[in-house]
Amino acid sequence: MGNSRAGSNTGTSGPKPTLLIVSQAYVPDPTSVGQHIADVAAEMAGRGWRVIVYTASRGWEDSSVRYPRREIINGVEVRRLAFSSFGKKRIAIRFAAGMMFVLQATIRGLFVRRLDYILVSTCPPMAPIAGVVISRLRRLRLTFWQMDVNPDQMVALGMIRQDSLPARAFNLLNRLVLSRASNVVVLDRFMADRVNAKLDVRKKMTILPPWPHEDHLEPVASETNPFRIEHKLTGKRVVMYSGNHTASNPVGAILAAAQRLRDDPRLAFMFVGGGAGKKEVDAVSSPNIISLPYQPLDQIKYSLSAADVHLVTVGDAVVGIVHPCKVYGAMAVARPVLLMGPEQCHVSDLLQEHDWGWHIPNGDVDRAEQVLRAIAETSSEELMQKGLRARALMTQTLSKAALCGRFCDVMERDAGARVGPAT
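Keep in mind that this is a model prediction, so the values were computed, not measured.

## Some words on the overall build of the chain
(1) Moving on: Along its length, the chain carries 15 helices and 14 strands.
(2) Moving on: Expected size for 423 residues packed as a compact globule is a radius of gyration near 22 Å; at 22 Å, the chain falls within 12% of this value.
(3) Moving on: In terms of overall dimensions, the chain has C-alpha extents of about 70 × 45 × 40 Å along its principal axes.
(4) Moving on: In the chain, which comprises 423 residues, the proportion classed as buried is 58%.
(5) Moving on: For the chain, contacts bridging at least 24 residues in sequence account for 71% of all contacts bridging at least 6.
(6) Moving on: As displayed, the chain has an accessible area near 17900 Å², and 54% of this comes from carbon and sulfur atoms.

## Comments concerning the pattern of salt bridges
(1) Moving on: Across all of its chains, the model carries 22 salt bridges by this definition.
(2) Moving on: For aspartate 409, the salt bridge identified is with arginine 47, shortest N-O distance 2.8 Å. Highlighted residues: aspartate 409 in helix 15 (residues 400-416) and arginine 47 in the loop between helix 1 (32-46) and strand 2 (50-56), separated in sequence by 362 residues.
(3) Moving on: Residue classification places aspartate 409 among the partly exposed residues on the basis of a relative accessible area of 31%.
(4) Moving on: Among the salt bridges present, the one from lysine 386 reaches aspartate 355, with a minimum N-O distance of 2.9 Å. Of the two residues, lysine 386 sits in helix 14 (residues 380-397) while aspartate 355 sits in the loop between helix 12 (346-353) and strand 14 (357-360), which places them 31 residues apart along the sequence.
(5) Moving on: We classify lysine 386 as buried; its relative accessible area is 5%.
(6) Moving on: Through salt bridges with shared partners, one network takes in Glu43, Arg47, Asp409 and Glu412.

## Overview of the nonpolar core
Among soluble globular proteins, nonpolar side chains are generally buried collectively.
(1) Moving on: Counting 102 residues, the largest nonpolar core has Val40, Val51 and Trp145 as its most contacted members.
(2) Moving on: A total of seven residues in this core trace back to one element, the largest contributor, which is helix 1.
(3) Moving on: Excluding residues that lie within four positions of it along the chain, valine 51 makes contacts with Leu19, Ile21, Ala41, Met44, Ala45, Val76 and Glu77.
(4) Moving on: Counting 28 residues, the second largest nonpolar core, distinct from the first, contains Leu261, Leu311, Ala368 and Leu383.

## Points about the pairing of strand 4 (residues 76-81)
Where a strand is regular, its side chains alternate between the two sheet faces.
(1) Moving on: Among the six residues that make up strand 4, six are buried, leaving the element largely enclosed by the rest of the structure.
(2) Moving on: Both faces of strand 4 are covered, namely the face carrying Val76, Val78 and Arg80 and the face carrying Glu77, Arg79 and Leu81.
(3) Moving on: In this sheet, strand 4 lies alongside strand 2 in parallel orientation, the contact comprising five bridges. By the bridge assignment for strand 4, tyrosine 54 is matched with arginine 79.
(4) Moving on: Sheet topology places strand 3 (residues 70-73) next to strand 4; four bridges connect them, and they run antiparallel.

## Remarks on a nonpolar patch on the surface
(1) Moving on: Taken together, the side chains of Leu103, Ile107 and Phe111 define a hydrophobic patch exposed on the protein surface, amounting to about 350 Å² of accessible area.
(2) Moving on: When you line up the elements, isoleucine 107 lands in helix 2 (residues 91-109).

## Remarks on the side chain of threonine 31
(1) Moving on: Looking at the secondary structure, you find threonine 31 in the loop between strand 1 (18-22) and helix 1.
(2) Moving on: With a relative accessible area of 17%, threonine 31 lands in the buried category.
(3) Moving on: Setting aside its immediate chain neighbours within four residues, threonine 31 contacts Ala25 and Trp60.

## Structural notes on the sheet that holds strand 13 (residues 337-340)
(1) Moving on: A sheet is described by the order of its strands in space; here six strands give the open sequence 11-10-9-12-13-14, paired in parallel fashion. The two strands at the open ends of the sheet, each matched to only one other strand, are strand 11 (289-292) and strand 14. The sheet shows a mean angle of 20° between the axes of neighbouring strands, direction not considered.
(2) Moving on: Taken together, the four bridges between strand 13 and strand 14 define a ladder with parallel strand orientation. Residue leucine 338 lies in a different strand from strand 14, and its bridge partner there is tryptophan 358.
(3) Moving on: Running over the sheet, helix 13 (residues 365-377) touches strand 9 (237-242), strand 10 (267-272), strand 12 (309-313), strand 13 and strand 14 and is turned about 165° from strand 14.

So, how was this worked out
- Residues numbered from 1 in each chain as written.
- Predicted model: local features only at pLDDT ≥ 70, side-chain atom pairs only at ≥ 80, totals over all residues.
- Heavy atoms only, no water.
- Helix = DSSP H or I, 4+ residues; strand = E, 2+ residues; numbered from the N terminus.
- Rg over C-alpha atoms; globule rule 2.2 N^0.38 Å.
- Buried < 20%, exposed > 50% of the residue type's maximum accessible area, 1.4 Å probe, protein only.
- Contact = heavy atoms within 4.5 Å.
- Areas by Shrake-Rupley, 256 points an atom, 1.4 Å probe, with all protein chains shown as cover.
- Salt bridge = Lys/Arg side-chain N within 4 Å of Asp/Glu carboxyl O.
- Core = buried A, V, L, I, M, F, W, Y, C linked by side-chain atoms within 4.5 Å.
- Pairing = 2+ DSSP bridges.
- Patch = residues over 30% accessible without salt bridge, like charges linked within 9 Å, V, L, I, M, F, W, Y side chains within 5 Å.
- Axes fitted to C-alpha atoms, helices over the stretch in contact; angles between N-to-C directions.

By themselves, these observations are geometric and do not establish any function.
Now the structure itself:
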């Protein structure tokens, strides 16, 4: 079933080269991983590739949301598979849905006509199985986009033991896909260390952080922001956590500090999004804490711009396992960040190089309270200058145009290197 056509931009005539992408999440689902996959898919379609995406027919976070089984989005052929998402409330259900998705994607991928290249990520964690099987049987090259690392995440969060059968199976899968992939992309230097500890793939690895969803993001002035007006935030200094709430992103110390500051009329704390960890937020009763669900993608610029400071949290045990993507949304809307996390992590690297936020250790409620009071007393002009430095950094080196373009360049170079079937 293999073929020997070279990648795109080779200057040869003939049919478009075909890229197959396997991802359980995809737009219009609001999940960040699906949006990043969609950016790459659209960019590759714009470069002259035929792009096919296998994804789930229901929402990644909310399985009651149904999407069309087939549609074209930005030139990309989106094909959604049934029985592939049952929500995220129970691990067993998530695992079953993930395996059913992978099985369907694998079978369909084996029969795509004139297939040239495969991109697979870690959504769901067992998705690489599809990439390995299709690439091996059809003798194709494969990019593996490592967006998180398992079983490391499950072990770090106490869900399974390091020596358990599931952990050993996941590590076997890791080594299999790392050895099979012709191209491995990781999100930061800490993740690179973890991955190379499993199997040394430095010669075919690229470190490339994800990018903000700039198509939907731009700074909105607080005075005219309808989101701030709707939620009665005028005159408040708003500290916001926006995104998925998980055990990898602990917010307990901030919640405790917010309760201590409940009588301070200057501060408001907003927690926007979903996830299993949202229960911790919703269990707290405090007048200065506001909990909201995920916001529609076309409204996200207003919700993110409603913050004066964005909270980014990184659990001590998950450095190099889960990448703190929330930081990029804050940068895109020109807002500083408050990092709660270890001294050594991707966001602390960014903060040390550029003065655009604050850093406190995980679990330190006293220090959190102290810094939050300092934020309340910081002038609007100083906050604006910090936010502008953040946006300048994003525009110069971390923009979608730069990073998504580089990602696709890496894939095209790998595809173009194939002068015959992969071995």
